[in-house]
Amino acid sequence: MASNSTKSFLADAGYGEQELDANSALMELDKGLRSGKLGEQCEAVVRFPRLFQKYPFPILINSAFLKLADVFRVGMLGSLASIIPERKNAHHSIRQSLDSHDNVEVEAAVFAAANFSAQSKDFAVGICNKISEMIQGLATPVDLKLKLIPILQHMHHDAILASSARQLLQQLVTSYPSTKMVIVSLHTFTLLAASSLVDTPKQIQLLLQYLKNDPRKAVKRLAIQDLKLLANKTPHTWSRENIQALCECALQTPYDSLKLGMLSVLSTLSGTIAIKHYFSIASGNVGSSPRSSDLVRLAQECCYHNNRGIAAHGVRVLTNITVSCQEKDLLALEQDAVFGLESLLVLCSQDDSPGAQATLKIALNCMVKLAKGRPHLSQSVVETLLTQLHSAQDAARILMCHCLAAIAMQLPVLGDGMLGDLMELYKVIGRSATDKQQELLVSLATVIFVASQKALSAEVKAVIKQQLESVSNGWTVYRIARQASRMGNHDMARELYQSLLTQVASEHFYFWLNSLKEFSHAEQCLTGLQEENYSSALSCIAESLKFYHKGIASLTAASTPLNPLSFQCEFVKLRIDLLQAFSQLICTCNSLKTSPPPAIATTIAMTLGNDLQRCGRISNQMKQSMEEFRSLASRYGDLYQASFDADSATLRNVELQQQSCLLISHAIEALILDPESASLQESGPTGAAHADSEYERRMMSVYNRVLEEVDSLNRKYTPVSYMHTACLCNAIISLLKVPLSFQRYFFQKLQSTSIKLALSPSPRNPAEPIAVQNNQQLALKVEGVVQHGSKPGLFRKIQSVCLNVSSTLQSKSGQDYKIPIDNMTNEMEQRVEPHNDYFSTQFLLNFAILGTHNITVESSVKDANGIVWKTGPRTTIFVKSLEDPYSQQIRLQQQQAQQPLQQQQQRNAYSRF
C-alpha cells in the first residue's frame, strides 16, 4: 500500500519532464548529473525513482545505477572526510582515483583529497608528493593543475610538510606567470601561511611586492584580499615597514577601487595591536622622516573623499588612532575625526541606498568607539546625532537611535534637557504603520528610556502611549515594554503589558504577559523606598512580594514542555528569596529596639566566652542572616553557570545580584559578627571594573558607598549598636532603590545549545533495572549530540564536554559480605571533545554490593575560555547487582557443611544441660 501511494505521488508530481522513451529519458538525466550547477544535479537525482517505476527494465536500471555511482563514488567519499579521516582504504581509493583516465573521477578525487588533507595528517603527508608530481608534470592539463594547487593549503600539519609545500608554491609563482596561475598560487600561499603561522611575515612581504610591482589589476585585488585576511587573523605579525609600504601604495594608486581595498586593510589593522607597534617605533626614532605619519596623512586625505567607502575607512583609521594612542597629544586628530564623522553622518543619513546605510553603520560604530575612548568628545557627538535626527531618513534614524542608546548606556550624556528634542521627534514619527516606522518607534523609545534616568514623567508617558495607540501594532508595543523593563522604567512597562493582555490568542502568551505585568508592578512598589524610614521599607517590600508571588504563579502557568522558562523562573524565585532576606534582616535590626538584650546577657557572654552573646538573641539572628545571604549568592552562582546561552549583559546582571548578596553578608560579618578578621577584599565587590550600563554604574556606586560606610564603622564601635543596624538597613534600601533591570535573556534567547545523551546498555522500560553480576564490571557507553539553534556559537562555543558518572545503592538484597572499599562506590569523570557535534566515551563500573543501584550521568561543558558551565542534562538508569552462580554455589555448599557442625554443637549443649 505504501508503494502504491508513493507511486501515485510521483506520478502526480510529474517533475515537469515530457514523455520520452527509456534511452532518451536516461540521457536527459545523465546530462543533468554532469551539469555544473548543484540544483540541476539534485533535480536529476530525485527524478531517478520515477524513471525506475516507469521503465522497470534490468538493463536500464543497471545503467542508471552506474551513472549514479560515477557521481557519488569519490565525491561522496570526500564529504565523509570529517567522519572517517583515518580510514586507510579510503586513502588508497583516492590515490588510485587520481590516476584515473575518467575526468569526472579525477575531479571527484581532487575534491576528496582536499577534504582528507584538511582532516588527516597521515593522508596529507602521504599525498603531498603525489600532488607535487601531478602539478609539476608536463602531461597534467593546466585546468587540473589549477584544481590541484589549492590542496597545498592543507599541508600545515607540521613544519617540514608546510616548508615543502611553500617551496613548491614559490616555484609555481615564478615558473607560471599567467594571471590564473599566479592568483591561485598566491591565494593558496596565503591560506597555508595563515594556517601554519610560521611564514606569515614572508607572505605579507610577498603580497606587498605583488601589490606594488605587478601591473595586473586582478593580481592586485587578490593581493589586497589576502592582506585583509592576514590582517584579520595575524595582526601581530605586521611590522611597521609592512604598514608603511601599504600606506605608500595607497597614496600612489590612481584607482579608487584599489585605494578602497588598501584602506580596508589599514582600517582593520588600526583597530589591533599593530597600530600601537607602528606608532611606538615611529616615536622612538627622533628626527625621522615625515613618512612615520604617512598613515595619518592618508587617513586625513581620505576623510572627505567623494567615495563614501574610502571616506568611511579614512575616518575609521583616524578614530582608531585617536582612541589607541592615549599618551599622545592628538587634539588635531580628534578634531579631524569628529569633523569627518559629522560629514559622513550628514551625507549618508539622507540616502536610503544599501551602500549609504553600510557606510553609516561604520561611521556610527566609530562614534560609539570615540565616545568611549575619549569621553570629553561624547557631548559633541551626541549633539550632532540629535541635530541630524530631525532631517534624516527613517532607515538612518533607526541606526542613529541605536548609536545614541549605545553611547548613553556607557556614559550619562543624555540629560533631561535633551529629552524635549526627543519627545518632539517622537510626536512627528509613527504616522504610518510601515516596518521602518515601527522599528523607529522602538529605537527612539529606547533612547528616551535611557535619557530619563529616573521615572518617566506623566507627559512623556502620555506622548508614548498616544503614539502607540494610533499605530495599534501589538508587537511594537511589546518590544517597547520589553525595553522599558530592561532600562528599569517599570511603571511604563506595567501599563504597556496591561494593554496587551487582551490582544493575544494563546493562554500561554496571556500568562507570560500577566507575569511581566506583575513583576513590573512589584518593582514599581520599591520606588517609594526612603532612607532612614525602615517601617515604610518593610511595607514596600511586603507589597512587592505580593505581586511577585502573583507573577511567579502566572509565569509557571506560561511554561510549556518545549519552553520551560527555567531561567526566568529561577531568576524570579531568587529575587523573591532576596527580598524576603532583606525584609528579615531589617526586622532583625529593628529587634535591637523592640527586644533589647536581657540584663544577664553580659554574664552569659562571660560564661560562654563569647563576647557577642551580650547583645542577646540578635547575634544568632545576624549569623543566620549572613548564612542566608551566602546561600543566595551561591544560588546566583549556580544560575550563572547554568546560563550557557545567555548574553554578556544578562550574565553581568546575575553577577551583580550575586555581589549584592555578598556585600550584605560581608557587611554583617564586618560590622557585627567578626570585625577583626573580616576583609573588604575577600567578600565585597569592587568598583574597578568598567561599567557597561547605567544599571551597573548605579549598582557599583552603591557598592562603593556601602563599603566606605562599613569601613568607617568597622573596629571603631563595639557591636551591636544602632549605628551598625542603621548602616545595614540603609545598605538594603540603597540596593533596592536602583530599579532592577530585566535583561535580554529574560525575554529572548539568541543562542540555543542543548546536549542529548544516549546510554547503552539501556533497558526497554526505563523503570526496569539492568541485570549485572557482582563479579563483573558494567561497560557503560555514553553517546551524545550537541544540538544548536539558528545562531550556533553566537556568544560562546563548546570546547569539551565533561561527563560525570556516579552510582548510589538504592536497596540491598541478601547478606552483607566483606567487600573492598574501592568496589563499593562509583564516581568517575571524563572530558571528551565533540567531533562534528558528536561525542562518545565509556565507563567501567563496579557493583560488588548486591542490590539495586541508581546510576546518574550528568554533563557539563567547557567553553573556549576554559569556563565550566552546568548545562545538563542529567540522565538516570537502574542496575540490579546479582550474585554470580559460582559464588552462590560455594556459599550454599559452605552453609550445608556448617549445618551438621551446628547440630552437633546443639546436641552437646543439650547433653550438658
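Scope of this entry: the structure provided in the associated data block.

Rules of the game
Residues numbered from 1 in each chain as written. Predicted model: local features only at pLDDT ≥ 70, side-chain atom pairs only at ≥ 80, totals over all residues. Heavy atoms only, no water. Helix = DSSP H or I, 4+ residues; strand = E, 2+ residues; numbered from the N terminus. Buried < 20%, exposed > 50% of the residue type's maximum accessible area, 1.4 Å probe, protein only. Contact = heavy atoms within 4.5 Å. Areas by Shrake-Rupley, 256 points an atom, 1.4 Å probe, with all protein chains shown as cover. Phe/Tyr/Trp six-rings, centres within 6.5 Å; stacked < 30°, edge-to-face > 60°. Lys NZ or Arg CZ within 6 Å of the ring centre and 35° of its normal. Core = buried A, V, L, I, M, F, W, Y, C linked by side-chain atoms within 4.5 Å. 1 Å grid on protein atoms, 1.4 Å probe; cavity = no way out; pocket = protein on both sides within 12 Å on 5 of 7 lines; lining within 4 Å. Points joined across faces, edges and corners; volume = space filled by probe spheres on them. Pairing = 2+ DSSP bridges. Axes fitted to C-alpha atoms, helices over the stretch in contact; angles between N-to-C directions. Parallel < 35°, antiparallel > 145°, perpendicular 65-115°, else oblique. Left-handed = near helix turned anticlockwise from the far one by under 90°. Nonpolar A, V, L, I, M, F, W, Y, C, P; charged D, E, K, R; others polar. Patch = residues over 30% accessible without salt bridge, like charges linked within 9 Å, V, L, I, M, F, W, Y side chains within 5 Å. Salt bridge = Lys/Arg side-chain N within 4 Å of Asp/Glu carboxyl O. Domains from an automatic or database assignment.

1. A short note on the overall build of the chain
Thinking step 1. Helix and strand content of the chain: 37 helices and 9 strands.
Thinking step 2. Looking at the chain as a whole, 49% of its 913 residues are labelled buried.
Thinking step 3. For the chain, the proportion of contacts with a sequence separation of at least 24, taken over those separated by at least 6, is 72%.
Thinking step 4. About 44,900 Å² of surface is accessible on the chain, with carbon and sulfur atoms providing 53% of the total.

2. What about the packing of aromatic side chains?
Thinking step 1. What the rule picks out here adds up to 17 aromatic pairs.
Thinking step 2. Of the aromatic side chains, those joined through ring pairs into one cluster are Trp512, Phe519, Tyr548, Phe567, Phe571, Phe742, Tyr745, Phe746 and Phe747.
Thinking step 3. Sitting over the face of the ring of Tyr255, Lys217 holds its NZ or CZ atom 3.9 Å from the ring centroid.

3. Observations regarding unusual backbone geometry
Thinking step 1. Between Ser760 and the following residue, Pro761, the backbone shows a cis peptide bond with an omega angle of 0°.
Thinking step 2. When you line up the elements, Pro761 lands in the loop between strand E1 (753-760) and strand E2 (770-773).
Thinking step 3. With an omega of 5°, the peptide bond running from Gly872 to Pro873 counts as cis.
Thinking step 4. Mapped onto the elements, Pro873 comes out in the loop between strand E8 (868-869) and strand E9 (874-882).
Thinking step 5. A positive phi is found at Asn836, a non-glycine position, where the angle reads about 55°.
Thinking step 6. Position of Asn836 relative to the elements: it lies in the loop between strand E5 (826-832) and strand E6 (838-846).
Thinking step 7. Even without being a glycine, Asp837 presents a positive backbone phi close to 65°.
Thinking step 8. Locating Asp837 in the fold gives a position in the loop between E5 and E6.
Thinking step 9. Asp837 sits in the partly exposed class, given a relative accessible area of 32%.

4. Remarks on the nonpolar core
Thinking step 1. Core analysis: the biggest nonpolar cluster contains 257 residues, and Trp238, Leu385, Tyr426, Trp512, Phe629, Phe746 and Ile855 have the highest contact counts within it.
Thinking step 2. Examining the composition of this core, we find that 14 residues originate from one element, helix H29 (residues 566-594), more than from any other.
Thinking step 3. Non-local contacts of Phe629, meaning those with residues more than four positions away in its chain, are made with Leu578, Ala581, Phe582, Leu585, Cys661, Ile664, Ser665 and Ile668.
Thinking step 4. Formed by 13 residues, the second largest nonpolar core is a distinct cluster that contains Ala22, Ala25, Ala64 and Leu68.

5. A few points about empty space enclosed by the protein
Thinking step 1. Applying the stated rule across the entire model yields 5 cavities of 30 Å³ or more.
Thinking step 2. Here the largest cavity is characterised by a volume of approximately 70 Å³.
Thinking step 3. Lining the largest cavity are Arg575, Leu578, Phe582, Gln657, Ser660, Tyr695, Met699, Leu735, Leu736, Val738 and Leu740.
Thinking step 4. Counting only elements with at least two residues in the lining of the largest cavity, the list comes to H29, helix H32 (648-673), helix H34 (694-713) and helix H35 (722-737).

6. Points about the sheet that holds E1
Thinking step 1. One open sheet holds the 3 strands; their spatial order is E1-E3-E6, and the pairing between them is antiparallel. On the outer flanks of this sheet lie E1 and E6, each paired with one strand and no other. Across the sheet, the mean angle separating the axes of adjacent strands is 25° when strand polarity is ignored.
Thinking step 2. Taken together, the 9 bridges between strand E3 (residues 777-788) and E6 define a ladder with antiparallel strand orientation. Across the sheet, residue Glu783 finds its bridge partner in E6, namely Ser840.

7. Side note on the packing of helix H26 (residues 490-500) against helix H27 (residues 507-525)
Thinking step 1. For the pair H26 and H27, the least separation of the axes is 8 Å and the interaxial angle reads 155°. Between H26 and H27, the crossing angle belongs to the class labelled roughly antiparallel. Here the hand of the crossing between H26 and H27 comes out left-handed. Across the interface between the two elements, His490, Asp491, Ala493, Arg494, Tyr497, Gln498 and Leu500 of H26 pack against Leu513, Leu516, Lys517, Ser520, His521, Glu523 and Gln524 of H27.
Thinking step 2. Among the residues forming the contact of H26 with H27, the class breakdown is 5 nonpolar, 5 polar and 4 charged.

8. Concerning a nonpolar patch on the surface
Thinking step 1. A contiguous nonpolar surface patch, about 270 Å² in accessible area, is contributed by Val504, Phe509 and Tyr510.
Thinking step 2. Note that Phe509 resides in helix H27.

9. Considerations on the environment of Thr825
Thinking step 1. For Thr825, the position within the fold is in the loop between strand E4 (798-812) and E5.
Thinking step 2. Spatially, the C-alpha atom of Thr825 lies 8.8 Å from that of Leu845, the residues being 20 residues apart in sequence.

10. Some thoughts on the layout of surface pockets
Thinking step 1. Empty space within the largest pocket amounts to approximately 1,200 Å³.
Thinking step 2. As for the largest pocket, its lining consists of 44 residues, of which Asn563, Leu565, Ser566, Gln568 and Lys749 are closest to the centre.
Thinking step 3. When residues of the lining of the largest pocket are traced back to their parent elements, those giving at least two are helix H25 (474-487), H27, H29, helix H31 (618-642), helix H36 (744-747) and E1.
Thinking step 4. Broken down by class, the residue content of the lining of the largest pocket amounts to 23 nonpolar, 14 polar and 7 charged.
Thinking step 5. The set of elements that each furnish at least two residues to the lining of the second largest pocket consists of helix H21 (394-410), helix H23 (435-451), H25, H32, H34 and H36.
Thinking step 6. The leading source of residues in the lining of the second largest pocket is H21, at 6 residues.
Thinking step 7. For the lining of the second largest pocket, the class distribution of residues is 12 nonpolar, 10 polar and 9 charged.
Thinking step 8. Each of two domains, domain 2 (419-503) and domain 3 (522-746), supplies a minimum of three residues to the lining of the second largest pocket.

11. Focus: the side chain of Gln153
Thinking step 1. With respect to the helices, strands and loops of the structure, Gln153 is situated in the loop between helix H8 (142-148) and helix H9 (159-175).
Thinking step 2. In contact with Gln153, other than residues within four places in its own chain, are Thr188, Leu191 and Leu192.

12. Some details on the pairing of E4
Thinking step 1. In the sheet, E4 pairs with strand E7 (residues 851-863) via 13 bridges, with the strands oriented antiparallel. In the sheet register, Ile798 faces E7, and the bridge partner there is Asp863.
Thinking step 2. Bridging between E4 and E5 involves 7 bridges; their strand directions are antiparallel. Bridge pairing in E5 links Val805 to Met828.

13. A closer look at the pattern of salt bridges
Thinking step 1. Tallied over the entire structure, the rule returns 29 salt bridges.
Thinking step 2. Across the salt bridge formed by Arg47 and Glu43, the nearest N and O atoms sit 2.9 Å from each other. Pair noted here: Arg47 and Glu43 are both in helix H3 (residues 38-54), with a separation of 4 residues, about one helical turn.
Thinking step 3. Residue classification places Glu43 among the partly exposed residues on the basis of a relative accessible area of 38%.
Thinking step 4. The salt bridge partner of Glu543 is Lys546, with a shortest N-O separation of 3.1 Å. Linking Glu543 with Lys546, this pair stays in helix H28 (residues 534-558), spanning 3 residues, or about one helical turn.
Thinking step 5. On the accessibility criterion, Glu543 (33% relative accessible area) is partly exposed.
Thinking step 6. Using a relative accessible area of 39% as the deciding quantity, one classes Lys546 as partly exposed.
Thinking step 7. Each of Lys461, Lys465, Asp491, Arg494 and Glu495 takes part in salt bridges that share partners, so that together they form one network.

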